[in-house]
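Chain residues, written in single-letter form:
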Amino acid sequence: MRQEKRSYTHTQVYDTMVYIADDGKEFVHKSDCIQYELDKAREEAKGKIITCDELEGKPNIDGGEYVEHHGYTWVFVRNEEDAEMLNRMFLLDYDDFSCHIGQWVCVEESEDSSWLSNIENGIKYAKELLDKLGYNVEITRKDEQV
């Protein structure tokens, strides 16, 4: 008896979904493609967008629930260009940023989505809360703004 090693070529066609980033880079997993695009947008925004690093991880004071494992980033929206950059950085998918231009916004980021609230809502909530507790509160911007 003898033994021989033989090779056979067997071809099968498999359909797989490929996710393609805006720059053409391909990914097998959608989540990897999304993370790549987010990382790229955030790197591109460094030095262009105004953030408050001292408030990183701190939520807005608008009465919303604080979730420990969510990310919180404060950004000053100067114009439409900042708004578009913010959309790409956090996958916000907002069409109209006009109510946020000229204001600080807090972007809350969970594992699969992001949303924002502006500081004016936080100030309004704080004033209402403190008023009901018997306090007079006046909050004004400092002269040295962004």
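In case you missed it, the structure is sitting above this.
Procedures and definitions
- Residues numbered from 1 in each chain as written.
- Predicted model: local features only at pLDDT ≥ 70, side-chain atom pairs only at ≥ 80, totals over all residues.
- Heavy atoms only, no water.
- Phe/Tyr/Trp six-rings, centres within 6.5 Å; stacked < 30°, edge-to-face > 60°.
- Buried < 20%, exposed > 50% of the residue type's maximum accessible area, 1.4 Å probe, protein only.
- Helix = DSSP H or I, 4+ residues; strand = E, 2+ residues; numbered from the N terminus.
- Contact = heavy atoms within 4.5 Å.
- Patch = residues over 30% accessible without salt bridge, like charges linked within 9 Å, V, L, I, M, F, W, Y side chains within 5 Å.
- Areas by Shrake-Rupley, 256 points an atom, 1.4 Å probe, with all protein chains shown as cover.
- Salt bridge = Lys/Arg side-chain N within 4 Å of Asp/Glu carboxyl O.
- Lys, Arg positive; Asp, Glu negative; His and termini not counted.
- Charge placed at Lys NZ, Arg CZ, Asp CG, Glu CD.
- Pairing = 2+ DSSP bridges.
- Core = buried A, V, L, I, M, F, W, Y, C linked by side-chain atoms within 4.5 Å.

Within this structure, the stated rule accounts for three aromatic pairs. Relative to Y36, the ring of F27 has its centre 5.2 Å away and its plane inclined at 45°; by these criteria the two rings are tilted. Taking the relative accessible area as the measure of exposure, F27 reaches 13% and is therefore buried. The exposure class assigned to Y36 is partly exposed, which follows from its relative accessible area of 23%. Residues Y66 and Y72 carry aromatic rings whose centres are separated by 5.6 Å and whose planes lie at 25° to one another, so their mutual orientation is stacked. Judged by relative accessible area, which is 2%, Y72 ranks as buried.

Looking at where A41 falls in the secondary structure, it is placed in helix 1 (residues 30-45). C-alpha separation for the pair A41 and M89, spaced 48 residues apart in sequence, amounts to 5.2 Å. Those residues within four positions of A41 in sequence are excluded, and the remaining contacts are R88 and M89.

Right, let's talk about a negative patch on the surface for a bit. On the surface, E80, E81, E84, D95 and D96 cluster together to form a negatively charged patch. Assignment of secondary structure puts E84 in helix 2 (residues 80-90). Overall, the relative accessible area of 47% leaves E84 in the partly exposed class.

What follows deals with the pairing of strand 5 (residues 103-109). Here strand 5 lies mainly inside the structure; seven of its seven residues are buried. Side chains Q103, V105, V107 and E109 of strand 5 all project onto a buried face; the interleaved residues W104, C106 and E108 project onto the opposite face, where all are buried too. The pairing of strand 4 (residues 71-77) with strand 5 spans seven bridges and is classified as antiparallel. Note on strand 5: the bridge partner recorded for Y72 is E108. As defined by bridge partners, strand 5 adjoins strand 6 (residues 114-118) across five bridges and the pair is classed as antiparallel. Pairing of E108 across the sheet is with W115, part of strand 6. Taken together, strand 5 and the strand that follows it, strand 6, pair antiparallel across an intervening segment of four residues.

What follows covers the nonpolar core. In terms of nonpolar packing, the biggest core is built from 15 residues, with I49, L86, L92 and L116 touching the most fellow members. Listed by contribution, the elements that provide at least two residues to this core are helix 1, strand 4, helix 2 and strand 5. If you tally residues by element for this core, the top one is helix 2, at five residues. Among all residues touching I49, those that are not within four sequence positions of it are V75, R78, D82, M85, L86 and M89. C52, V67, W74 and C106 belong to the second-largest nonpolar core, a separate cluster that totals seven residues.

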